[in-house]
Amino acid sequence: MPRRKTVTVALTGASGLPYGLRLIEALLAADIRVWVLCSQAAQVVAKQEMNLTLPSRPAEMKAWLLQRYPAAPDLLEVYGREEWFAPAASGSNPPDAMVVCPCSMGALAAIRHGMSDNLIERAADVCIKEQRKLVLVPRETPLSAIHLENMLELARLGVVILPPAPGFYTHPKSVDDMVDFVVSRILDQLGVEQTLTPRWGE
């Protein structure tokens, strides 16, 4: 049996939780296996931005996501912040790609310096050392020299820095349209077919 394509999606404490949740939905709809990692700060942001209470326990979070985005249970796994036996923590079983969406400046800095103090940082470190696709979606403005230097160093390592900046040439009619624009660009980086937004010239 061919190995199913797997993408790790990490939600951290930056503004932009709608992007991360929409990405999970789109990946599951595309029959991609998804490993979800969620920081404590992301739970705070979800409540503030979307009035959503994200469950703290991985099993409850998985059930919550599958209720929201119906999919086969074996397509989705949720891991705790210090679940060091999770597949994403080891180079012997890395995902095909990882997306940190949204990516806080703290998470970005920790990834740049290889801190690996929690599963999100360790999973990103694994993707870098195993040369797997790593996409960071940083939502901060303005950017300080520290932020820019961290991004530049990661870009030099092959990490994709994808700020969630929606394009307006598609004439978005809603916030959902703008979210889909950003998610469509992430899916393109992952090599996942998508029809969320029209392509330039089509």
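Residues numbered from 1 in each chain as written. Predicted model: local features only at pLDDT ≥ 70, side-chain atom pairs only at ≥ 80, totals over all residues. Heavy atoms only, no water.

**Q** Summarise the pattern of salt bridges; cite the residues concerned and give the values.
**A** Side chains that differ in sign of charge can pair as their charged atoms come close. Within the structure shown, the criterion is met by 8 salt bridges. One salt bridge in this structure joins R22 and E25, with 3.1 Å as the shortest N-O distance. Pair noted here: R22 and E25 are both in helix α1 (residues 17-29), with a separation of 3 residues, about one helical turn. For R22, a relative accessible area of 23% gives the class partly exposed. The closest approach of N and O atoms between K62 and E77, which form a salt bridge, is 3.3 Å. Placement of K62 in helix α3 (residues 58-68) and of E77 in strand β3 (residues 76-79) is noted, with a sequence separation of 15 residues between them. (Salt bridge = Lys/Arg side-chain N within 4 Å of Asp/Glu carboxyl O. Helix = DSSP H or I, 4+ residues; strand = E, 2+ residues; numbered from the N terminus. Buried < 20%, exposed > 50% of the residue type's maximum accessible area, 1.4 Å probe, protein only.)

**Q** Lay out α3 in plain terms, naming residues and giving numbers.
**A** Among the residues of α3, those classed as buried are M61, K62, W64, L65 and L66. Buried-residue contacts for α3 involve β1 (6-11), α1, β2 (33-38) and β3. (Contact = heavy atoms within 4.5 Å.)

**Q** Provide a residue-level description of the packing of helix α4 (residues 105-112) against helix α6 (residues 145-156), including the pertinent values.
**A** In contact at an axis separation of 10 Å, α4 and α6 are set at 45° when each is read in the N-to-C sense. The angle between α4 and α6 falls in the class oblique. Seen from above, α4 lies across α6 with left-handed handedness. Along its contact with α4, which presents M105, L108, A109, I111 and R112, the element α6 presents H147, E149, N150, M151, E153 and L154. (Axes fitted to C-alpha atoms, helices over the stretch in contact; angles between N-to-C directions. Parallel < 35°, antiparallel > 145°, perpendicular 65-115°, else oblique. Left-handed = near helix turned anticlockwise from the far one by under 90°.)

**Q** I'd love a proper account of the UniProt feature "binding site: dimethylallyl phosphate" (unreviewed entry) in the protein, names of residues and values included.
**A** Look at the UniProt record and you will see "binding site: dimethylallyl phosphate" (unreviewed entry) annotated at Y169 and R185. Considering the C-alpha atoms alone, the annotated residues occupy 17 residues of sequence yet fold into one spot, their largest mutual distance being 14.2 Å. If you trace the backbone, Y169 turns up in the loop between β6 (160-161) and α7 (175-190). If near-sequence neighbours (up to four positions away) are discounted, Y169 is found in contact with F181 and W200. Along the chain, the position of R185 falls in helix α7. Note on R185: relative accessible area 42%, which makes it partly exposed. (UniProt positions renumbered as here; feature names shortened; annotations may be inferred.)

**Q** Tell me about the UniProt feature "domain: Flavoprotein" (unreviewed entry) in the protein, and name the residues and values.
**A** On the UniProt side, "domain: Flavoprotein" (unreviewed entry) is annotated at positions that read residues 5-190 here. End C-alpha atoms of residues 5-190 are separated by 10 Å, and the span's content is 44% helix alongside 17% strand.

**Q** Give a detailed account of the nonpolar core, specifying residues and quantitative values.
**A** In terms of nonpolar packing, the biggest core is built from 42 residues, with L21, L23, L27, L65, V99, I186 and L190 touching the most fellow members. Considering each element in turn, this core owes the most residues, 8 residues, to α1. Excluding residues that lie within four positions of it along the chain, L21 makes contacts with L11, M50, L52, W64, L65 and Y69. Core analysis: the next-biggest nonpolar cluster, separate from the first, contains 24 residues, L37, A86, M98 and V159 among them. (Core = buried A, V, L, I, M, F, W, Y, C linked by side-chain atoms within 4.5 Å.)

**Q** Kindly report on the side chain of D180, identifying the contributing residues and their values.
**A** Of note, D180 is situated in helix α7. Under the relative-accessibility criterion, D180 is labelled buried at 12%. Other than its neighbours up to four places away in sequence, D180 contacts R22, L196 and T197.

**Q** Let's hear about the side chain of Q43: which residues, and what values?
**A** Assignment of secondary structure puts Q43 in helix α2 (residues 40-50). Beyond its immediate stretch of four places on either side in the chain, Q43 contacts C38, L52, L54, P55, S56 and R81.

**Q** How would you sum up the packing of aromatic side chains? Please name residues and give values.
**A** As enumerated under the stated definition, the model contains 3 aromatic pairs in all. Relative to F181, the ring of Y169 lies with its centre 5.8 Å away and its plane at 80°, an arrangement referred to as edge-to-face. With Y169 in the loop between β6 and α7 and F181 in helix α7, the pair connects residues that are 12 residues apart, well separated along the chain. A relative accessible area of 5% places F181 in the buried class. Their ring planes at 90° and their centres at 5.0 Å tell us that Y169 and W200 sit as a pair that is edge-to-face. Here Y169 is found in the loop between β6 and α7, whereas its partner W200 is found in the segment after α7, with 31 residues between them in sequence. Counting every residue linked through ring pairs, the aromatic cluster contains Y169, F181 and W200. (Phe/Tyr/Trp six-rings, centres within 6.5 Å; stacked < 30°, edge-to-face > 60°.)

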